[in-house]
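Next come the chains, spelled out residue by residue.
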Amino acid sequence: MITGIGVDIVQVKRMESWLENTKLLERYFSREELSLVRSKGKGASSSLAARFAAKEAFGKALGTGFLNISLKDITISALQNGKPDVRLSATAQKAFEESGAQKIHISLSHERENAIAMIVLEGT
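For every chain, the first residue of the written sequence is number 1, and numbering continues from 1 along that sequence. Only residues with pLDDT of at least 70 are given local features in this predicted model, and only at 80 or more are side-chain atom pairs given and counted; all residues enter the totals for whole chains, interfaces and linings. Side-chain figures throughout are based on the complete set of non-hydrogen atoms in the structure, without hydrogens or water.

(A) Fine view of unusual backbone geometry. Its identity as a non-glycine residue notwithstanding, Asn68 has a phi of 65°, on the positive side. Inspection of the secondary structure assignment puts Asn68 in the loop between helix H4 (44–62) and strand S2 (74–78). Residue exposure (1.4 Å probe, protein chains only): buried if accessible area is under 20% of the type maximum, exposed if over 50%, otherwise partly exposed. The class of Asn68 is exposed, set by a relative accessible area of 66%. A positive phi angle, near 40°, is found at Ala90, a position not held by glycine. Strands here mean DSSP runs of E at least two residues long; helices mean DSSP runs of H or I at least four residues long; both are numbered from the N terminus. In this fold, Ala90 is placed in helix H5 (residues 90–99). Accessibility expressed as a relative area gives 56% for Ala90, which makes it exposed.

(B) Fine view of the side chain of Ser47. Note on placement: Ser47 falls in helix H4. Residue classification places Ser47 among the buried positions, given a relative accessible area of 4%. Contact partners of Ser47, with chain neighbours within four places excluded, come to Val37 and Lys40. Contact definition: two residues touch when any of their heavy atoms are within 4.5 Å.

(C) Representation of the sheet that holds strand S1 (residues 2–11). Note on pairing: two strands pair once DSSP finds at least 2 bridges between them. Pairing is antiparallel across the open sheet formed by three strands, whose spatial order is S1-S5-S4. Each edge of the open sheet is held by one strand with a lone partner, namely S1 and strand S4 (103–110). Here the average twist between neighbouring strands, direction ignored, is 10°. Two strands pair when backbone bridges link them, and S4 and strand S5 (residues 114–122) are joined in this way by eight bridges, in the antiparallel orientation. When the sheet's bridge partners are listed, Ile104 is paired in S5 with Leu121. Angles run from 0 to 180 degrees between N-to-C directions of axes, and those axes are lines fitted to C-alpha atoms, restricted for helices to the stretch in contact. Along the sheet face, H4 touches S1, S4 and S5 and points at about 145° away from the line of S1.

As structure tokens, then:
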């Protein structure tokens, strides 16, 4: 059973300036995410935008937004086959458990100007 759906879109251009602001990046993203994003070269801002959109979509899928959740506790990574993956810790894990959801489905996409993410939470 679907327990929540969230979608968010982020302008890639907005993330270009973020790449130059280490404090801002470290506030919202894990080291793993930043390493992955920086490895994308010219695609770094698109990758960052997609990950930020996914974090926002997760809050929307919960239905609570980011009440008592740190965005840094949501890590958007990639499996070996390239499929995006969501890993939660601390505040995000607690909110997920309290929501009753048991599984997270994620889809990311980006093009020149925008990145979009969709999160579907599934429970019993």
